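Listed here are the chains, written in short residue letters.
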Amino acid sequence: MTKIKIEKEFISHSESETNLIGQSLGKNIKSGIVVLLYGDLGTGKTVFVKGVGEAMKISAVRSPSFTLINEYESPTGIFLIHSDLYRLEENQVYSLGLDEYIWADDSVLFVEWPERWKNFSAHNVIKIFFKALNENEREIKISAEGEKAQEVINECFSC
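Residues numbered from 1 in each chain as written. Predicted model: local features only at pLDDT ≥ 70, side-chain atom pairs only at ≥ 80, totals over all residues. Heavy atoms only, no water.

Colleague: Mind showing me how you'd approach the packing of aromatic side chains here?
Modeller: The way to describe two aromatic rings as a pair is by their centre distance and the angle between their planes. For the structure on display, the rule yields four aromatic pairs. Consider the rings of phenylalanine 10 and phenylalanine 157, whose centres lie 5.0 Å apart with planes at 55°: the pair is tilted. A residue pair is termed long-range when its members are at least 10 positions apart, and phenylalanine 10 in strand β1 (residues 5-12) and phenylalanine 157 in the segment after α5 (147-156) qualify at 147 residues. By relative accessible area, phenylalanine 10 is classed as partly exposed at 22%. Residue classification places phenylalanine 157 among the buried residues on the basis of a relative accessible area of 5%. (Phe/Tyr/Trp six-rings, centres within 6.5 Å; stacked < 30°, edge-to-face > 60°. Helix = DSSP H or I, 4+ residues; strand = E, 2+ residues; numbered from the N terminus. Buried < 20%, exposed > 50% of the residue type's maximum accessible area, 1.4 Å probe, protein only.)

Below, the structure written as structure tokens:
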């Protein structure tokens with residue numbers, strides 16, 4: 001059986017546009033979704049998550065590069081969990097306990113550098129791929145697997 005997948009593609013011309021695309025996702029994000037963020041350093045992954053946070057009425061989203069995991073609670077009670085696995089080896093990722101966030105019914109998990117998280121498994125996953133086209137422009141490709149994740153992408157990016 002083939003998995004159904006929803007895909008969207010954008011070209012961002014600035015950090016503010018990347019932030020706005022993140023805000024579009026954040027307006028309708030639901031708990032129980034895992035968002036995997038792929039891309040080289042400086043391609044806009046954290047800027048995107050800051051936009052999601054702004055839409056969720058969370059103003060202090062920062063890069064988790066050194067803290068590894070940042071947790072934020074929105075006024076609606078949904079937690080935005082933001083993790084950065086860049087500095088970790090595969091065996092160190094398991095000690096973070098990210099699997100616990102996957103099944104939490106009150107949070108959405110964003111993971112930068114998810115390729116370091118082997119044997120990852122979740123039912124509702126949004127994958128976002130960032131690619132620098134030049135100094136300012138970014139190609140952002142978004143795909144969703146799972147009914148809830150597909151519903152969110154359709155609600156957020158219906159046009």
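Further notes follow.
Colleague: I'm lost on α5 in this one. Help?
Modeller: Given 3.6 residues to a turn, an α-helix orients residues that are three or four positions apart in the same direction. Residues of α5 that are buried include every one of Ala149, Gln150, Val152, Ile153 and Cys156, and no others. Down the axis of α5, the buried side of the element spans an arc of 160°, and every buried residue falls inside it. On its buried face, α5 sits against β1, α1 (15-26), β6 (125-132) and β7 (138-145). (Arc of directions from axis to C-beta. Contact = heavy atoms within 4.5 Å.)

Colleague: What's the story with the pairing of strand β4 (residues 79-84) in this structure? I'm lost.
Modeller: As a general feature of sheets, a regular strand has side chains that alternate between the two faces. For β4, the buried fraction is high: five of the six residues fall into the buried class. Note: strand β3 (residues 69-73) against β4, five bridges, orientation antiparallel. Note that in β4 the partner of glutamate 73 across the bridge is phenylalanine 79. In this structure, the hairpin formed by β3 and β4 is closed by a connection of five residues, where glycine 77 is found at a positive phi of approximately 95°. (Pairing = 2+ DSSP bridges.)

Colleague: Explain the pairing of strand β2 (residues 34-38) to me, please; I cannot follow it from the model alone.
Modeller: Burial of β2 is extensive: five of the five residues sit out of reach of the surface. Burial along β2 is two-sided: Val34, Leu36 and Tyr38 and Val35 and Leu37, pointing in opposite directions, are all buried. Bridge count between β2 and strand β5 (residues 107-112): four bridges; the pairing is parallel. What sits directly across from valine 34, in β5, is leucine 109. Note: β2 against β6, five bridges, orientation parallel. Bridged to valine 34 within β6 is valine 125.

Colleague: Where do I start with the sheet that holds β4 in this structure?
Modeller: Sheet strands associate in pairs through backbone hydrogen bonding, adopting either a parallel or an antiparallel arrangement. One open sheet holds the seven strands; their spatial order is β1-β7-β6-β2-β5-β4-β3, and the pairing between them is mixed. Each end of this open sheet is capped by a strand with a single partner; those strands are β1 and β3. The sheet shows a mean angle of 15° between the axes of neighbouring strands, taken without regard to direction. The strands that helix α2 (residues 45-55) touches are β2, β4, β5 and β6; relative to β4, the one it contacts most, it runs at about 175°. Its contacts with the sheet put α5 on β1, β6 and β7, and the angle it makes with β7 is roughly 135°. (Axes fitted to C-alpha atoms, helices over the stretch in contact; angles between N-to-C directions.)

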